[in-house]
Protein chains: 2
Amino acid sequence: MSVTLAIDAMGGDHGPVVTVPACCDFLEKHADVKIALVGNPEVLKQALSQFPNAPMERIQIISASEVVLMDDPIEVALRRKKDSSMRVAIEQVREGLADAIISSGNTGALMAISRYILKTLDGVDRPAIATAIPNEKGRGTTMLDLGANADCEPMHLVQFAQMANVMVQVVDGTQNPSIGLLNIGEEVIKGNEVVKQTSELLRQTNLNFYGNVEGNDIFKGTTDIVVCDGFVGNVVLKASEGLAKMMSGLIKEEFNRSWLTKLMAICAMVPLLRVRKRVDHRRYNGAVLLGLRGCVIKSHGSADRFAFGFALERAYEAGKNRMVERIAQAFAAETK
Amino acid sequence: MSVTLAIDAMGGDHGPVVTVPACCDFLEKHADVKIALVGNPEVLKQALSQFPNAPMERIQIISASEVVLMDDPIEVALRRKKDSSMRVAIEQVREGLADAIISSGNTGALMAISRYILKTLDGVDRPAIATAIPNEKGRGTTMLDLGANADCEPMHLVQFAQMANVMVQVVDGTQNPSIGLLNIGEEVIKGNEVVKQTSELLRQTNLNFYGNVEGNDIFKGTTDIVVCDGFVGNVVLKASEGLAKMMSGLIKEEFNRSWLTKLMAICAMVPLLRVRKRVDHRRYNGAVLLGLRGCVIKSHGSADRFAFGFALERAYEAGKNRMVERIAQAFAAETK
């Protein structure tokens, strides 16, 4: 059985310069993949012409005349740009012509258009954004929500846990993943009201609920999944990006200080590069929009060819293993 | 005019082994400081005997028979241990015998006992915990609340901003500090309900309100102060500690991999140590409990002699510059 991926080829900071080469790499790696590149056909043909060995029989170009820009307001993206590459790519999934859609475009627009076109699954009140974050154990900690829902009720957080439970089993192959609820203390009495009530509800499910976890547990890898509202999740994700950037900036600055420290940098290159590789956010590219009637993968806007490949990998795993159907089944079983 | 600091000498993971040497160092550095060491007199005398050159005329030992343990429930610390070193030290401030109290003990207990003994300032509904976090600009970003208030109303966040505004002027000497409201997008429409309303209220004050900031702005140093509720603040702080620990662990691991990489580590020692020094959390030790009728400084439980010295420094600056009185004046002016 083949997997078809619909690509918003024009999206993100770089557009086809990144998406087309990454897709060609991916097709070479996976013989069971077909790709639908959505966007300006002239531009896409031009980009493809750089890859004379690409398997053209597995590549389809689908025309879309507009592009959702990174700073387009959601309303503009949703109501005015009805022939955007993002929207046409999502429609491929709705029509059953693709198993997943991948976009590096504007997150808010991607969520809004996906909800509008695909609708949410039965039993899911609100879709959420989930991604894997590097941890000490070398696997990723899957965290959600990362910004789709700033205000959450306890029931929403429970649904996030249920969706992530299926996602991690399907995409990472982890059986019965452990689930932590992000809180400010391990003791049951701590935390805000929503978290306290969520904890009670999660204990009543048949999920592998570990209990409360704290901020540092995300990077320790205490649990496979960490659940929080989209406000907290987004702030933590961006703060972590900021801290990592500051630290690597400081390392660069100190090694660039003089010819002597530059020499030291060359001496220490191998271990430093290994560290960078191990925490390389590009390897964790590809957030999943969970709770929709279709598989939608959000790649980082600034993703390069290497990073976009990882988003394609996530989409492929989710599509091949029928993640969305399995989430739908889990919710159907829950409501029986 | 001299500054008197009351020390919960028994508190924290290490007790007098850390607090007494740090205080002796500090007395040597500041001729205008007097220190009241609170705890078991025998133990404290024994610890002081290691410092024959300490200025004993500026050291007072105050007896307290109990110690608040790091895992004592707040109720136990508050109701049962009425002769704890923490409580007796706080009472020194209430009685006007000390200008500030510093403790490495249990945060929850310190806040609860401080509120009980000292009471909050007029116009302050809830005290908050503020600390400086290293940023790219090399100064600290002062962030609050870090965990005293899991659920906040907009008015509480505005009060946090007002208190931090005075604190940063007094302790860091920054005139008219800029204030950012932690949010998930710079656009006014984004964020949760509490943050949206807080933003409106902050615009109406005469504070130097910058607007919304995101998680990465904490480490960029976009504003001098970042305001958030205690749930978000605590999670971000702990997540940052976790990430920093993971990264330094990875660096150690990679440099320890073989004799060759160990040799590389020696070559790269100087820049790596400089980086560590620049982000050393010990230099930022000393969180301030704001909004009380007295100056209370919380040192990290695991603080060593070096780190505890920085907490003493913060207490000294706050005490010398009459931080609490100035916060009280700011709130009195506000309510006129």
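These numbers come from a predicted model, not from an experiment. (Residues numbered from 1 in each chain as written. Chains lettered and ligands numbered in written order. Predicted model: local features only at pLDDT ≥ 70, side-chain atom pairs only at ≥ 80, totals over all residues. Heavy atoms only, no water.)

**Comments concerning the pairing of strand 6 (residues 140-144) of chain A**
All names here are of chain A. Quick reminder of the rule: Only protein chains enter the area calculation, which uses a 1.4 Å probe; residues under 20% of their type maximum are buried, those over 50% are exposed, and those in between are partly exposed. Working definition: helices are DSSP H or I runs of at least four residues, strands are E runs of at least two. Numbering for both runs from the N terminus. Any two strands between which DSSP finds at least two bridges are classified as paired.
Among the five residues in strand 6, four count as buried, and that is most of the element. Pairing analysis gives five bridges linking strand 5 (residues 128-134) to strand 6, with the strands arranged antiparallel. By the bridge assignment, Ala132 is partnered in strand 6 with Thr142. Between strand 5 and the antiparallel strand that follows it, strand 6, lie five residues; Gly138 among them carries a positive phi value of about 90°. Taken together, the three bridges between strand 6 and strand 9 (residues 225-227) define a ladder with parallel strand orientation. When the sheet's bridge partners are listed, Met143 is paired in strand 9 with Val226.

**What about the environment of B:Gln50?**
Note that B:Gln50 resides in the loop between helix 2 (41-48) and strand 3 (59-63). In sequence terms B:Gln50 and B:Pro21 are 29 residues apart; their C-alpha atoms lie 8.5 Å from each other.

**Regarding the sheet that holds strand 2 (residues 33-39) of chain A**
Residues and elements named next belong to chain A. To be explicit about the condition: Every angle, taken between N-to-C directions, lies between 0 and 180 degrees, and every axis is a line fitted to C-alpha atoms, over only the stretch in contact when it is a helix.
With respect to topology, eleven strands assemble into an open sheet ordered 3-2-1-4-11-10-5-6-9-7-8, the strand pairing being mixed. Of all strands in the sheet, those bounded by a partner on one side alone are strand 3 (59-63) and strand 8 (208-213). The mean angle between the axes of side-by-side strands here comes to 25°, regardless of whether they run parallel or antiparallel. Pairing between strand 1 (residues 3-8) and strand 2: six bridges, direction parallel.

**Re the interface of chain A and chain B**
Going by this rule: Note on definitions: a residue-residue contact is assigned when non-hydrogen atoms from the two residues lie within 4.5 Å. Two parts placed together each lose some accessible area under a 1.4 Å probe, and the buried area is that loss summed for both. Here a salt bridge means any side-chain nitrogen of Lys or Arg lying within 4 Å of a carboxyl oxygen belonging to Asp or Glu. Polar contact is the term for a pair of N or O atoms within 3.5 Å; when the atoms are in protein, one must be able to donate a hydrogen and the other to accept it, and sequence-neighboring residues count only if both atoms are side-chain atoms.
On the side of chain B, 49 residues touch chain A, which itself brings 49 residues to the contact. Here chain A meets chain B over a buried area of about 4,700 Å², counting both sides, of which 76% is carbon and sulfur. Between the two partners, chain A and chain B, sit four salt bridges. A:Arg274 is the salt-bridge partner of B:Glu254, the closest N and O atoms lying 3.4 Å from each other. At the boundary of chain A and chain B, one finds eight residue pairs in polar contact (both at pLDDT 80 or more). Going through the elements one at a time, helix 7 (193-203), helix 8 (215-220), helix 9 (230-255), helix 10 (259-267) and helix 11 (269-278) of chain A are the ones with two or more residues in the side of chain A that touches chain B.

In short, shape yes, function no, at least from these values alone.
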